[in-house]
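Chain by chain, the residues run as shown.
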Amino acid sequence: IFDGFSRYFSLKAAKSNLKYQELMEEDACRTMMLSVAYAYNTVLLAIEQRRIAMEDRKFQLDSLQNTRYKFEAGAAPLSDVLNFEILVNNAEVNMIAADYSYDTALYALAVLMGYPDGTLPADLKFSSEIKTDFIELPAVEIYLDAALANRPDLKAYREKLNIAKYDVYKAWGAFSPTA
């Protein structure tokens, strides 16, 4: 009839364990969304890096052509021509690195979004519009307080603490009278 509240605390621990598992599942969803956001932003970054590298290559090619004309006219040394050839090659290397980064980020995004073969639909286009008119953000303490209050992993750890307390109370029940 009475077991020193052992059954009661076992039930409370089981309920807290269920809540803990639900919160951990919610945290897994949160981290998955965060990973998708990072992969998406990496794709956009790679697109911009490629655009910058293409513009740099175009500029370096124009400068190389102008320097060659000067060299042929005797107004510039050969070292200037060679320096611009190096800069053109560096720009091409940057384009290749941006392409690699784009392909890698695209694959990661596709896999995170559930495309098992790692390819997104061919008709998918990424926005080329980048927002640059940022408003001033509030103090970091506001975000920390919101994170502490709302993050599911932190809530889950609080539930884990409750489970441990209930287990202690259940263990104390062994020293209580039973009927």
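See above for the structure.
Residues numbered from 1 in each chain as written. Predicted model: local features only at pLDDT ≥ 70, side-chain atom pairs only at ≥ 80, totals over all residues. Heavy atoms only, no water.

What about the nonpolar core?
What tends to happen in soluble globular proteins is that the nonpolar side chains get buried as a cluster. Core analysis: the biggest nonpolar cluster contains 7 residues, these being A39, V43, A105, L109, A110, L120 and F126. Breaking this core down by element, the ones donating at least two residues are α1 (6–73) and α2 (78–112). Of all the elements, α2 adds the most residues to this core, at 3 residues. (Core = buried A, V, L, I, M, F, W, Y, C linked by side-chain atoms within 4.5 Å. Buried < 20%, exposed > 50% of the residue type's maximum accessible area, 1.4 Å probe, protein only. Helix = DSSP H or I, 4+ residues; strand = E, 2+ residues; numbered from the N terminus.)

Overview of the packing of aromatic side chains
One pass over the structure, following the stated rule, counts 3 aromatic pairs. Pairing Y8 with F9 gives two aromatic rings, centres 5.1 Å apart and planes at 70 degrees, and the pair type is edge-to-face. Chaining the aromatic ring pairs together yields one cluster made of Y8, F9 and Y166. The side chain of K160 reaches across the aromatic face of Y20, ending 4.5 Å from its centre. (Phe/Tyr/Trp six-rings, centres within 6.5 Å; stacked < 30°, edge-to-face > 60°. Lys NZ or Arg CZ within 6 Å of the ring centre and 35° of its normal.)

Side note on helix α4 (residues 152–172)
Between its first and last C-alpha atoms α4 spans 30 Å; for 21 residues at 1.5 Å apiece the expected length is 30 Å, and the two agree. Within α4, the full set of buried residues consists of P152, D153, A156, E159, I163 and Y166. The buried residues of α4 occupy an angular sector of 120 degrees when projected down its axis, which confines them to one face. The exposed residues of α4 that point more than 90 degrees off its buried face are L161 and W172. (Expected span 1.5 Å × (residues − 1). Arc of directions from axis to C-beta.)

Everything listed is a geometric property; what it means functionally is a separate question.
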